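Here's the letter readout for the chains.
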Amino acid sequence: MLVGDSGVGKTCVLVRYKDGAFLSGAFISTVGIDFRNKVVPLDDAKVKLQIWDTAGQERFRSVTHAYYRDAHALLLLYDVTSKNSFDNTRAWLGEISEYAHDDVVIMLIGNKADMKEERQVKYEDGERLAAEYEVAFMETSAKSGMNVELAFQAVARELKYRKMRNPDDPKFSVTEYVKHESQKNASGCCS
Amino acid sequence: MATASCKSLEDSETARESEEETEIPKDFEPGASSESILISIDLYEEVENSPGSVYEDVSYRRRKSTICELERSAGKRVLAEEQVETSKSFDDKSQDGQLKAEIGHDESIRIKNSPNVEPIRIEMESIQMSSDEEKHEIIETAEDIHNPEWKQHSKHIFILSEAGKPIYSRFGSEDKLVTLMGVMQALVSIVQDNGDVIRSIHAGDHKFVFLVRLPLILVAVANTNASAPQLVVQLNCVYNLILSVLTSTQLCSIFEQRRNYDLRRLLGGAEKFLDNLVDTMDSDPSFLLVAVRCLPLTSAIRDTISQSIVQYCSKVKNVVFAILVAKNQLVTIVRMKKYSLHPSDLHLVMNLVNSSDSFKAAESWTPICLPKFDSSGFLHAHVSYLDDNCPACLLLLTVDKNLFFTLQECRRKIVERLHRYNCLEAINASLESEGYSVSEVGLPDLRHFIYKSKSAAQFTEPRLEAPYVSNEDQSNLFGLYQYLHHRMYNSARPLKILFYVGQKEIMLSWHMAGFELYAAFEPMVTKFTAVNTMNKLVRWIKKEEDRLFIMNAPTI
């Protein structure tokens, strides 16, 4: 389930992930909750993700609250060009702890990372907040596609790990996985 | 009330009418069926009698809320929610008198360019600085009251709170109009102090129409053909839209807690619904007639569609309405027994679908309040387009907010069955032909018409063709229809039939017990021919009624 302030790019990230396209032009705001399916091949299994895309506006909160408790994973987005949306993530995390399951997978995502000029929230700030709440963190760009695939992959892996859990399996940590994968990408860039 | 001249006019009209009666029975009503899918109402009666304050409305509704009733009947525990609002006495002034201030043209200029202009500018500058964070808003709306373009718009709509806080403006940014809205609030409250309610100000071609629905004030400023009562109807639609987003319960409780609340916070994302509604009302007769346009389909296809919906929705408890719309036209409604939909609620549903692209991409689940059905609470709507290649949108409305997955499955089966019976192709074919041509009627002098079946609350019109091609010509024609409609419904002197010689066409309107008919004719047509043509036209509509109207009202 994608949550976060209005206009941070929840629908754009999802459409980039699902259809590989960037929704440019007019601002399409979600009304209520949108529902999409995507089947993700993971190693030898297939994970079916049911993705809820929520409206960020205050008036839809009561609707989204009802669906928190069914969510296995929450992607909390903010906009790196809007300090305000970042400040609000604490309130969102508060809501999550109130309405969602205790063991829900939470990932904090700073979107619009391609907009270097207008950036108001540093990468480190996001990282620090994520560490404080012990949630995974990454920055994405729906426009360039950066890290979008990775974000959903990481969540899918974590969910699969939880579902199939064998006591003998090595422990899977979404935080570690994200760190590892993004480093791999970064080094790939440099070489 | 009836003056001598008025009486003689009416007499001559009844005389003409009796001539026609040899052909058309008095209760003739093509498009009418024994059971209607929509509630039909007399719109002006309703406007006059509606309460001036939502507070009173709420206390009344809470006791007999339709949604509560539905929830109870479903054996669900009714949440011991918000205590019954105590009725406020705000409305005591709304009924007992009306003020229609007729002031001259220079008076209106004083309102617009009052000595307050200086402070306005200063305040605006400070606002501009403080609202830097809302930069996209400032970029897209450079218009304010000093902008000549802003003044040129032919119809403005403003919404403000009782405390004078700006909530919505059709043009320009509300922030920059804060002082103007203050003036509006002052006008309302000055008149209120005298125990009266301001209705309208007429200045030259401009009408300033007020609708006080506490805690909101709605204002229309227009120099179009729309009459003051028609503008009130439009403002009522806008007000209902706000209720559909918030419910009256929420609207009241917010302003009870904080009278100076900035409602834009809660309406976030709903601006485009307001914009779209206000734009549509300038050209769509649905709002003028308080009726619904149906998609022409053969009755066999329509029945198949309805039956498909009934078949699967009847298995789901708590579906109140299933509505299929395509490009602002109604394909069918399936409803729960006992409950009917009001046309203006359906207008809001259609407006929701039309103004949001987000439904096209995914299945949505959204709360919507239908104010005429029950203004105190939300229904929950499963919204989806039938297919990527079919612009028909299916809405399943329920009182149960946990029904998403059930309705998703229900919708899947409905779409499957519609595919099997080639219903999507039929809908697409009808949409592609854009309705029918007036030439199909076979009456050479007839250019265009609008026919409304009163009891069905449905209307039909042919597509606009030459000479109504340009936007200007089309809106002129609509203006003439507005004028006819206003004359026919004029409360001081309602008419049965009106022959009007316009600059470029002859217009004729005709009200019978069962229907309203408005038509445009070639400019040289005689009264006799025009009246004759109207008779033939009504017969033609009768012949085609199965295709043009929804004649049966399936229930679940």
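Within every chain, residues take consecutive numbers counted from 1 along the sequence as written. Lettering of chains starts at A and numbering of ligands starts at 1, both following the order in which they are written. pLDDT decides what is reported in this predicted model: residues at 70 or higher carry local features, side-chain atom pairs at 80 or more are listed and counted, and totals for whole chains, interfaces and linings draw on all residues regardless. Side-chain figures throughout are based on the complete set of non-hydrogen atoms in the structure, without hydrogens or water.

- Chain B appears in an unreviewed UniProt entry as Vacuolar fusion protein MON1 homolog from Limulus polyphemus.
- UniProt positions are given in the numbering used here, feature names are shortened, and annotations may be inferred rather than shown by experiment. Listed under Sequence similarities (unreviewed entry) in UniProt, the entry text for chain B is "Belongs to the MON1/SAND family."

- An unreviewed UniProt entry lists chain A under the name Ras-related protein Rab-37-like, from Limulus polyphemus.
- Turning to chain A, the UniProt annotation filed under Sequence similarities (unreviewed entry) states: "Belongs to the small GTPase superfamily. Rab family."

### With respect to the interface of chain B and chain A
Phase 1: What makes two residues a contact is simply this: any of their non-hydrogen atoms within 4.5 Å. Each partner contributes residues to the interface: chain B has 28 residues there, and chain A has 19 residues.
Phase 2: Two parts lose some accessible area (1.4 Å probe) when they are put together, and adding that loss for both gives the buried area. Summed over both partners, the interface of chain B with chain A comes to about 1900 Å²; 53% of that surface belongs to carbon and sulfur atoms.
Phase 3: Definition used for salt bridges: Asp or Glu carboxyl oxygen within 4 Å of a side-chain nitrogen of Lys or Arg. Summed over the shared surface of chain B and chain A, the number is one salt bridge.
Phase 4: Glu58 of chain A serves as the salt-bridge partner of Arg265 of chain B, at 2.9 Å between the closest nitrogen and oxygen.
Phase 5: Under the rule applied, a polar contact is a pair of N or O atoms within 3.5 Å (in protein, one hydrogen donor and one hydrogen acceptor; residues adjacent in sequence only if both atoms are side-chain atoms). Linking chain B with chain A are nine residue pairs in polar contact (both at pLDDT 80 or more).
Phase 6: In DSSP terms, a helix is any run of H or I states spanning at least four residues, a strand is any run of E spanning at least two, and both are numbered starting from the N terminus. Secondary structure elements with two or more residues in the side of chain B that touches chain A: α12 (271–281), α16 (358–361), β10 (363–368) and α18 (404–420) of chain B.
Phase 7: Of all the elements, β10 of chain B adds the most residues to the side of chain B that touches chain A, at five residues.
Phase 8: Classifying every residue of the side of chain B that touches chain A gives 14 nonpolar, eight polar and six charged.
Phase 9: Pairing between strand β2 (residues 33–42) of chain A and β10 of chain B: three bridges, direction antiparallel. Opposite Ile33 of chain A, over in β10 of chain B, you have Trp365 of chain B as the bridge partner. Following the grouping adopted for this structure description, the nonpolar residues are Ala, Val, Leu, Ile, Met, Phe, Trp, Tyr, Cys and Pro, the charged ones are Asp, Glu, Lys and Arg, and the polar ones are all others, Gly among them. Only when DSSP finds a minimum of two bridges between them are two strands counted as paired.

### Quick notes on the packing of helix α14 (residues 299–313) of chain B against α18 of chain B
Each pair of packed helices gets described by two things: the angle between the helix axes and the distance between those axes.
Residue and element names in this part refer to chain B.
Phase 1: Close contact between α14 and α18 brings their axes to 9 Å; oriented N to C, the two are set at 150°. The angle between α14 and α18 places the two elements in the roughly antiparallel class. The interaxial crossing formed by α14 with α18 has right-handed handedness. Contacts from Thr304, Ile305, Gln307, Ser308, Ile309, Gln311, Tyr312 and Cys313 of α14 reach α18 at Cys410, Lys413, Ile414, Arg417, Leu418 and Arg420.
Phase 2: The class makeup of the residues in the contact of α14 with α18 is seven nonpolar, four polar and three charged. Angular values range over 0 to 180 degrees, each being the angle between N-to-C directions of two axes fitted as lines to C-alpha atoms, with helices fitted over their stretch in contact. For classification purposes, an angle smaller than 35 degrees is called roughly parallel, one larger than 145 roughly antiparallel, one from 65 to 115 roughly perpendicular, and anything else oblique. Helix crossings are classified by the rotation of the near helix relative to the far one: an anticlockwise turn of less than a right angle makes the crossing left-handed, while a clockwise turn makes it right-handed.

### Things to note about the packing of aromatic side chains
Phase 1: Note on aromatic pairs: the rings of Phe, Tyr and Trp (six-membered ring only in Trp) are paired at centre separations within 6.5 Å, and the planes decide the class, stacked below 30 degrees, edge-to-face beyond 60, tilted for the rest. The full count for this structure, using the stated rule, is 22 aromatic pairs over all chains.
Phase 2: On the numbers, 5.7 Å between centres and 75° between planes, the contact of Trp365 of chain B with Phe404 of chain B is edge-to-face. Of this pair, Trp365 of chain B sits in strand β10 while Phe404 of chain B sits in helix α18, and the two are 39 residues apart along the sequence. Take Trp365 of chain B and Phe404 of chain B: they sit in the same class, and that class is buried.
Phase 3: Taken together, a centroid distance of 5.0 Å and an interplanar angle of 50° make the contact between Tyr483 of chain B and Tyr500 of chain B tilted. Highlighted residues: Tyr483 of chain B in helix α20 (residues 471–489) and Tyr500 of chain B in strand β15 (residues 497–501), separated in sequence by 17 residues.
Phase 4: Here's how the labels work: a residue is buried when its accessible area is under 20% of the maximum for its type, exposed when over 50%, partly exposed in between, all with a 1.4 Å probe on protein chains only. You can call Tyr483 of chain B partly exposed: its relative accessible area is 25%.
Phase 5: Put simply, the rings of Phe35, Trp52 and Tyr67 of chain A together with Trp365, Phe404 and Phe405 of chain B touch in pairs and so form one group of aromatic residues.

### Looking at the pairing of strand β6 (residues 216–222) of chain B
Residues and elements named next belong to chain B.
Phase 1: When you tally the buried positions in β6, you get seven out of seven residues, the bulk of the element.
Phase 2: Here β6 shows two buried faces, one formed by Leu216, Leu218, Ala220 and Ala222 and the other by Ile217, Val219 and Val221.
Phase 3: Pairing analysis gives seven bridges linking strand β2 (residues 155–161) to β6, with the strands arranged antiparallel. Across the sheet, residue Leu160 finds its bridge partner in β6, namely Ile217.

### Remarks on unusual backbone geometry
Phase 1: Residues Leu214 of chain B and Pro215 of chain B are joined by a peptide bond in cis, for which omega reads 10°.
Phase 2: The omega torsion across Ala466 of chain B and Pro467 of chain B is 5°, close enough to zero to call that bond cis.
Phase 3: Here Pro467 of chain B is to be found in the loop between β14 (458–460) and α20.
Phase 4: Positioned with a positive phi, Asn147 of chain A is a non-glycine residue whose angle comes to about 65°.
Phase 5: Looking at where Asn147 of chain A falls in the secondary structure, it is placed in the loop between β6 (136–139) and α6 (148–163).
Phase 6: Overall, the relative accessible area of 19% leaves Asn147 of chain A in the buried class.
Phase 7: For Thr247 of chain B, which is not glycine, the phi torsion reads 70° and is therefore positive.
Phase 8: Note that Thr247 of chain B resides in the loop between α10 (228–246) and α11 (248–257).
Phase 9: Overall, Thr247 of chain B belongs to the buried group, its relative accessible area being 4%.

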